[in-house]
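Summary of structural features
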Amino acid sequence: MSGALEKPLQWNEVKEIVSEYRLEELGRSPEGLKEYHNFKASMQAKGISLTTNIFINTLHWLPVDTDPHLSTEEAVKRIHYTDPRLFANPNDTCITLNDFPYWIKEPTIHLLVWVRSPMPPDPNSEIGDIDNQTKKLIEEYVQETFVKGSGIDRDDIIWWKNYTKIQSIKSIPHVHVLIKTEDKRVEEKARALVGTPGATLKYDDIGQNYTSNQVKL
């Protein structure tokens, strides 16, 4: 099956893959990928886009009585950020579980950090990567939310944002956060963040007056 791994990746392998930006080498187990494909096929058969479903049922950024058959384009038009600066307003950020996590040998929890604020690709990147300034902001958010906020060791955290070519959900900016949970207390701390915005960055404190390209979702 295309995209399925033959064996689980080890934690250090994932670190290396992410650090070298070989993100296309990350993947799911054959069973996990089959579940993901079955879910997408089920949504498609019902005429429901993945993006609209996420907005309504996962992020609750659209009212529960929104027509689930709303097209991706129409759903996106209804989503507006409060602040164009990443992680500056809690209304623009939401942490969720990845329902179809990647296949890792060690016990892990796979979170997704969704944002309404713009996170456009770097126009100078051939693959649609984000720029270094955006990466610094994400790292600051990870430090404030998971390390300082929840006491999780930075060595037990890996984060990345898929570049444009390999994104399965392109309409909603989101960051993958993988946390090693060999210590059950770490898993509890990570799960406690689900449904929350995590930390709010104070731009004066981090010494940046960052505003990304003014591109609405």
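Procedures and definitions
Residues numbered from 1 in each chain as written. Predicted model: local features only at pLDDT ≥ 70, side-chain atom pairs only at ≥ 80, totals over all residues. Heavy atoms only, no water. pLDDT = per-residue confidence, 0-100. Contact = heavy atoms within 4.5 Å. Buried < 20%, exposed > 50% of the residue type's maximum accessible area, 1.4 Å probe, protein only. Helix = DSSP H or I, 4+ residues; strand = E, 2+ residues; numbered from the N terminus. Pairing = 2+ DSSP bridges. Arc of directions from axis to C-beta. Polar contact = N/O pair within 3.5 Å; in protein donor to acceptor, adjacent residues only side chain to side chain.

Side note on the confidence of the model for the protein
Caution applies to low-pLDDT parts of the model: their predicted coordinates are not meant to be read in detail. Per-residue pLDDT for the protein averages 91, and the proportion of residues at 70 or more is 93%. Note that pLDDT drops below 50 for residues 211-217; the model gives that stretch 19 contacts with residues more than four away or on any other chain.

Regarding the pairing of strand β4 (residues 174-180)
Counting buried positions along β4 yields seven of seven residues, so the element is predominantly enclosed. The pairing of strand β2 (residues 108-115) with β4 spans seven bridges and is classified as antiparallel. Bridging from a neighbouring strand, Val 113 pairs with Val 175 of β4. Where strand β3 (residues 157-160) meets β4, four bridges bridge the pair, whose relative direction is antiparallel.

Remarks on helix α1 (residues 11-19)
For α1, the full list of buried residues reads Trp 11, Val 14, Ile 17 and Val 18. End-on, the buried residues of α1 take up no more than an arc of 120 degrees, which puts them together on one face. Turned more than 90 degrees away from the buried face of α1 sit Asn 12 and Ser 19, all of them exposed. In the core, the buried residues of α1 are packed alongside β2, β3 and β4. The positive-phi residue at the C-terminal boundary of α1 is Tyr 21, with phi of around 60 degrees.

What to know about the side chain of His 176
Checked against the element boundaries, His 176 lands in strand β4. Taking the relative accessible area as the measure of exposure, His 176 reaches 5% and is therefore buried. Of the polar contacts made by the side chain of His 176, one reaches the side chain of His 110; its length is 2.9 Å. Sequence-distant contacts of His 176, that is, excluding residues within four places in its chain, are made with Asn 98, Tyr 102, His 110, Leu 111, Leu 112, Ile 158, Trp 159, Trp 160 and Asn 162.

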